[in-house]
Amino acid sequence: MRTWPLILAALFAPGTVAFAEDGAYLAQLAARSRELRLAERPEWQKLLHYVPNLVTPGVHSLVDSPAFFNAPGGKTDPQAELEATLASFFSALDEAPQHQHAQCTFIGRRAWLDEQLAFDRQRMPWRDCPRYREWHAALNAERLTLVFASAYLNNPSSMYGHTLLRVDARDQDERTRLLAYAINYTANTSEQNGIAFAINGLIGSYPGTFSVLPYYLKVREYSDMENRDLWEYELAFTPEEVERVLRHAWELLPAYSWYYFFDENCSYHLLGLLQVARPELDLISPFRWWALPSDTVRAITRQPGLVARAVYRPANATIIGARLRAMSKEERGVTKELSLGKASSPDALRALAPQRAAGVLEASYDYVNYRRAIGKHDVPAPAVLARELLVARSAVPAPSQAPHLTPGPRPDEGHASSRLALGAGRRAGQDFGELRLRPTYHDVLDEDAGYVRGAQIEFFDIRLRRYGAQRPRLESFIPVNIFSVASRDEFFQPRSWRVSGGWQRSFLRDGKEALIPGIDGGAGGAWSTDNRRVLAYAMAETRLRVHHELDGGHSLGAGASVGALIDASARWRIHAYASGLNDFLGETDRPRRLGLAQRFALTRDVALRLDLRAEREGARRFGDGALSLLLYF
Amino acid sequence: MSVGSGEALDSLAHLLGVESQDRTAFNRVAKDNMARIFASEDAATPEIMAALRQVLGADQQLARYTTAL
């Protein structure tokens with residue numbers, strides 16, 4: 001007798017009854033979705049991150065976590081995924097600490113499908129999404145801002161820049177932006193070794209995930225620790241567009257995609273998130289092969305009216321540099337002494353007017369922090385010193401002496417990042433025509449506007465030459481070529497270095513020119529004149545080459561190089577250089593090189609380049625010269 | 001704080017809910033009492049907040065903002 005009510009309850013529980021009705025309604029919704037061909041619509045394609053397959057017809061999603069899909073074949077079947085998503089919305093499973101309802105997990109899909117299918121709340125119980133609501137309320141979003149951190153050669157994961165999305169809260173303004181949250185996409189790894197990271201990043205062995213974190217942490221990381229200038233592009237989205245992005249961000253937070261350094265990187269996935277804002281916004285399709293952060297910023301600025309304004313946030317080192325330039329030599333000396341704890345502030349500042357003293361104290365404090373951030377431990381207790389300087393500063397009756405920096409050209413205003421060169425020249429008495437393609441991104445001779453001065457990053461540079469009537473041949477193929485020239489002075493002592501690897505034609509002893517694989521590396525220092533028009537460097541160099549026609553199959557050498565980058569005018573830059581190696585292991589040789597390269601910019605994306613070189617290689621001397629037209633695209 | 005202006009100080013004022021007419025006073029008081037608020041180089045957040053509460057509490061105009069601490 002006692003069991004009857006239970007059985008009755010089980011049979012007629014609201015859940016069971018509702019489920020029977022759900023089945024019919026679900027079938028109706030699925031039929032309607034097919035009728036409207038919703039799965040083919042750009043909104044659905046973007047929400048699921050479908051991209052066309054390379055060879056076969058059809059699509060696949062770039063998201064790799066299985067939980068992102070409701071249908072077993074959802075990764076490649078938009079319609080099946082849409083219907084399975086609709087079915088999941090009917091789930092009777094309630095929210096639990098370890099489990100969200102599918103309507104909340106996929107809150108962006110629900111919103112869009114509701115717009116299209118006008119869900120009947122009576123027949124599909126509408127789920128409250130408390131966790132999303134809390135998160136949404138905490139963000140209190142009013143606007144979105146795309147933040148670009150400029151290139152930083154010493155960190156391979158964001159060597160050519162990084163982008164993240166800042167969520168600007170309603171009650172914040174330009175002065176309190178540090179309190180905002182940021183949505184960031186990164187490779188999830190604790191790998192500290194840059195080379196291991198680069199290799200794994202190339203083959204996609206790290207899961208990339210979105211995360212939300214306080215913006216001030218990112219500012220500290222980029223601006224204070226890595227000394228990278230930030231550019232903040234405020235996006236002119238309507239409130240509903242902001243909502244779309246947030247709902248989709250919520251869907252992406254638990255998901256992952258395999259991280260690929262060149263294409264599926266932070267900038268690419270950030271665009272994938274942003275483009276859900278508007279149905280017609282297609283940001284990612286130009287970036288199927290390369291997604292350079294600066295190019296993705298360019299894509300945003302190219303959309304008419306999408307960027308409301310751009311704000312420049314100089315790095316700590318940039319600010320210190322500007323402070324120092326505004327000082328007299330004596331003041332700079334005092335700044336250095338104070339920041340090294342070698343002088344006490346009252347004595348050192350006695351001769352200075354309050355404003356000047358304030359400037360010196362502020363710069364000293366910034367400089368102590370800079371050295372702490374780069375891990376230079378040359379003061380016993382930097383925290384104590386930093387506090388002393390702050391306390392001393394607080395006692396000086398003067399307003400802030402923070403410099404007003406006029407921002408230079410924005411990253412989206414620089415030359416385009418791919419370059420094609422058409423040239424003609426003569427090498428060792430032979431005339432040639434040359435075609436050179438550098439897919440990415442900048443070299444020390446290119447115009448610096450929008451780029452970081454002295455930061456050369458070239459990938460997959462390829463050069464084809466045709467000598468006279470011979471068949472064209474591969475002259476060089478250099479997959480990686482990185483050159484960092486940063487000037488040293490009494491306050492900043494960065495190292496300059498370079499590394500490159502690839503195949504290059506070289507003369508052998510028998511007079512043959514072979515395509516020889518090798519890697520080069522160098523380390524040294526660079527110094528700049530006060531007006532920054534000349535930047536000279538000196539480096540110790542080493543080179544390893546491997547080829548069957550070399551004695552013993554290889555040659556290893558060490559040597560030195562010196563050079564100077566000279567800005568003759570705003571358009572005209574000269575690079576004069578000389579280098580010498582002593583190949584002492586394997587095939588012995590003493591290659592020498594003396595060169596003069598010049599670039600003259602005609603427009604932002606067109607330039608002329610003249611390369612002249614005198615070389616000694618494989619016991620022969622020869623000249624090499626070429627004039628090329630450079631087209632940036 | 002040591003200069004009596006800036007992004008960090010504005011952010012702190014925002015978190016405490018300091019209204020615009022009190023900002024100047026807040027900035028001045030923070031600057032004048034910087035050494036007290038950050039009593040040592042390794043002061044922990046609770047100590048800093050306690051010190052800030054004292055400093056603000058001692059100022060007639062700003063005493064009401066101690067509730068946020």
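No experiment lies behind these values; they were computed from the predicted model shown.

1. Examining the overall build of chain A
Next, step 1: Scanning chain A from terminus to terminus reveals 17 helices and 23 strands.
Next, step 2: Along the longest, intermediate and shortest principal axes, the C-alpha atoms of chain A span 105 × 75 × 45 Å.
Next, step 3: Classification of the 633 residues of chain A by burial places 38% in the buried group.
Next, step 4: Looking at chain A alone, contacts between residues at least 24 apart form 62% of all its contacts between residues at least 6 apart.

2. Notes on the overall build of chain B
Next, step 1: Summing up its helical and strand segments, chain B has 4 helices and 0 strands in all.
Next, step 2: The N-to-C order of helical and strand elements in chain B reads α-α-α-α.
Next, step 3: At 11 Å, chain B has a C-alpha radius of gyration in line with the 11 Å of a compact globule built from 69 residues.
Next, step 4: Each of the three principal axes of chain B carries a C-alpha extent, and together these read 30 × 25 × 20 Å.
Next, step 5: Out of the 69 residues belonging to chain B, those deemed buried represent 26%.
Next, step 6: The contacts of chain B with a sequence gap of at least 6 include a subset with a gap of at least 24, amounting to 43%.

3. Regarding the sheet that holds strand 5 (residues 181-187) of chain A
Residues and elements named next belong to chain A.
Next, step 1: With antiparallel pairing, 7 strands are arranged side by side in an open sheet as 8-6-5-4-3-7-9. Two strands bound the open sheet, and with one partner strand each, they are strand 8 (257-259) and strand 9 (307-313). On average, each strand axis in the sheet is tilted by 35° relative to the strand beside it, whichever way the strands run.
Next, step 2: Sheet topology note: the strand 3 (residues 141-149)/strand 7 (residues 230-235) ladder contains 6 bridges and is antiparallel. Within the sheet, the bridge partner assigned to L144 lies in strand 7 and is L235.

4. A few points about the interface of chain B and chain A
Next, step 1: On the chain A side, the residues contacting the 15 residues of chain B number 15 residues.
Next, step 2: Listed by contribution, the elements that provide at least two residues to the side of chain B that touches chain A are helix 1 (7-16) and helix 3 (34-37) of chain B.
Next, step 3: The element contributing the most residues to the side of chain B that touches chain A is helix 1 of chain B, with 5 residues.
Next, step 4: Classifying every residue of the side of chain B that touches chain A gives 5 nonpolar, 5 polar and 5 charged.

5. Thoughts on the pairing of strand 21 (residues 592-603) of chain A
Residue and element names in this part refer to chain A.
Next, step 1: Bridge analysis of strand 20 (residues 572-586) against strand 21 gives 9 bridges, and the strand direction is antiparallel. By the bridge assignment, H575 is partnered in strand 21 with A597.
Next, step 2: Judged from the 11 bridges that link them, strand 21 and strand 22 (residues 606-617) form a sheet pairing that is antiparallel. Along strand 22, the bridge assignment pairs R592 with R616.
Next, step 3: Hairpin connection between strand 21 and strand 22: a loop of 2 residues separates the two successive antiparallel strands.

6. Here's the deal with unusual backbone geometry
Residues and elements named next belong to chain A.
Next, step 1: Of note, the bond from T440 into Y441 is cis; its omega dihedral lies within 30 degrees of zero at 15°.
Next, step 2: Relative to the helices and strands, Y441 is located in strand 12 (residues 440-442).
Next, step 3: Positive phi values are uncommon outside glycine, yet H49 reaches one of about 60°.
Next, step 4: Looking at where H49 falls in the secondary structure, it is placed in the loop between helix 3 (42-47) and strand 1 (50-52).
Next, step 5: In this structure, A428 is a non-glycine residue whose phi angle is positive, near 50°.

7. So, the pairing of strand 22 of chain A
Residue and element names in this part refer to chain A.
Next, step 1: Note that strand 22 and strand 23 (residues 620-632) share 12 bridges and pair antiparallel. Counterpart to D611 in the pairing with strand 23 is A626.
Next, step 2: Two successive antiparallel strands, strand 22 and strand 23, enclose a turn made up of 2 residues, where G618 displays a positive phi of approximately 55°.

8. Re the environment of M124 of chain A
Next, step 1: Along the chain, the position of M124 of chain A falls in the loop between helix 6 (107-117) and helix 7 (130-139).
Next, step 2: M124 of chain A gets classed as buried once you count the C-beta atoms within 10 Å, which come to 21.

9. Considering the packing of helix 6 of chain A against helix 10 (residues 239-252) of chain A
Residue and element names in this part refer to chain A.
Next, step 1: Close contact between helix 6 and helix 10 brings their axes to 7 Å; oriented N to C, the two are set at 135°. The orientation of helix 6 relative to helix 10 falls into the category oblique. Residue-level inspection shows I107, G108 and A111 of helix 6 in contact with helix 10, the latter providing R244, R247, H248, W250 and E251.
Next, step 2: Partitioned by chemical class, the residues of the contact of helix 6 with helix 10 number 3 nonpolar, 2 polar and 3 charged.

10. Comments concerning the packing of helix 13 (residues 316-325) of chain A against helix 16 (residues 354-373) of chain A
Residues and elements named next belong to chain A.
Next, step 1: Relative to each other, helix 13 and helix 16 sit at 145°, their axes nearing to 10 Å. Judged by the sense of rotation from one axis to the other, the crossing of helix 13 with helix 16 is left-handed. Only G359, E362, A363, D366, Y367, N369 and Y370 of helix 16 make contact with helix 13, whose side of the interface consists of N316, A317, I319, I320, R323 and L324.
Next, step 2: Considered class by class, the residues forming the contact of helix 13 with helix 16 number 7 nonpolar, 3 polar and 3 charged.

11. Details of the environment of F459 of chain A
Residues and elements named next belong to chain A.
Next, step 1: Mapped onto the elements of the fold, F459 is located in strand 13 (residues 455-467).
Next, step 2: Separated by 434 residues in the primary sequence, F459 and Y25 have C-alpha atoms spaced 55 Å apart.
Next, step 3: Not counting chain neighbours up to four residues away, the residues in contact with F459 comprise P439, T440, P479 and V480.

12. Brief notes about helix 6 of chain A
Structural remark: α-helix, 3.6 residues per turn; residues separated by three or four positions point the same way.
Residue and element names in this part refer to chain A.
Next, step 1: The set of residues buried in helix 6 consists of I107, G108, R109, R110, W112 and L113.
Next, step 2: In this fold, the buried residues of helix 6 make contact with helix 3, helix 4 (78-88), helix 5 (102-105), helix 7 and helix 10.
Next, step 3: Just downstream of helix 6, A118 is the residue with a positive phi angle, here 45°.

13. Topic: helix 13 of chain A
All names here are of chain A.
Next, step 1: For helix 13, the complete set of buried residues consists of N316, A317, I319, I320, R323 and L324. Seen along its axis, helix 13 keeps its buried residues to an arc of 160°; they face one direction.
Next, step 2: Tucked into the core, helix 13 has its buried residues touching helix 9 (215-225), helix 14 (329-339) and helix 16.

14. Notes on the confidence of the model for chain B
Next, step 1: On average, chain B scores 90 in pLDDT, and the residues at 70 or more come to 100%.
Next, step 2: Within chain B, the element-level pLDDT minimum falls on helix 1 of chain B, averaging 90, and the maximum on helix 2 (residues 23-32) of chain B, averaging 93.

15. Let's talk about the environment of Y577 of chain A
Next, step 1: Relative to the elements of secondary structure, Y577 of chain A occurs in strand 20.
Next, step 2: A C-alpha to C-alpha distance of 57 Å links Y577 of chain A and G108 of chain A, two positions 469 residues apart in sequence.

16. Re the confidence of the model for chain A
Next, step 1: Averaged over chain A, the pLDDT score is 90; the fraction of residues at 70 or greater is 96%.
Next, step 2: Counted against residues more than four places away or in other chains, residues 1-20 of chain A, with its pLDDT under 50, gives 4 contacts.

Conventions used here
- Residues numbered from 1 in each chain as written.
- Chains lettered and ligands numbered in written order.
- Predicted model: local features only at pLDDT ≥ 70, side-chain atom pairs only at ≥ 80, totals over all residues.
- Helix = DSSP H or I, 4+ residues; strand = E, 2+ residues; numbered from the N terminus.
- Buried ≥ 20, exposed ≤ 12 C-beta atoms within 10 Å, placed from the backbone.
- Contact = placed C-beta atoms within 7 Å.
- Rg over C-alpha atoms; globule rule 2.2 N^0.38 Å.
- Pairing = 2+ DSSP bridges.
- Axes fitted to C-alpha atoms, helices over the stretch in contact; angles between N-to-C directions.
- Nonpolar A, V, L, I, M, F, W, Y, C, P; charged D, E, K, R; others polar.
- Parallel < 35°, antiparallel > 145°, perpendicular 65-115°, else oblique.
- Left-handed = near helix turned anticlockwise from the far one by under 90°.
- Arc of directions from axis to C-beta.
- pLDDT = per-residue confidence, 0-100.

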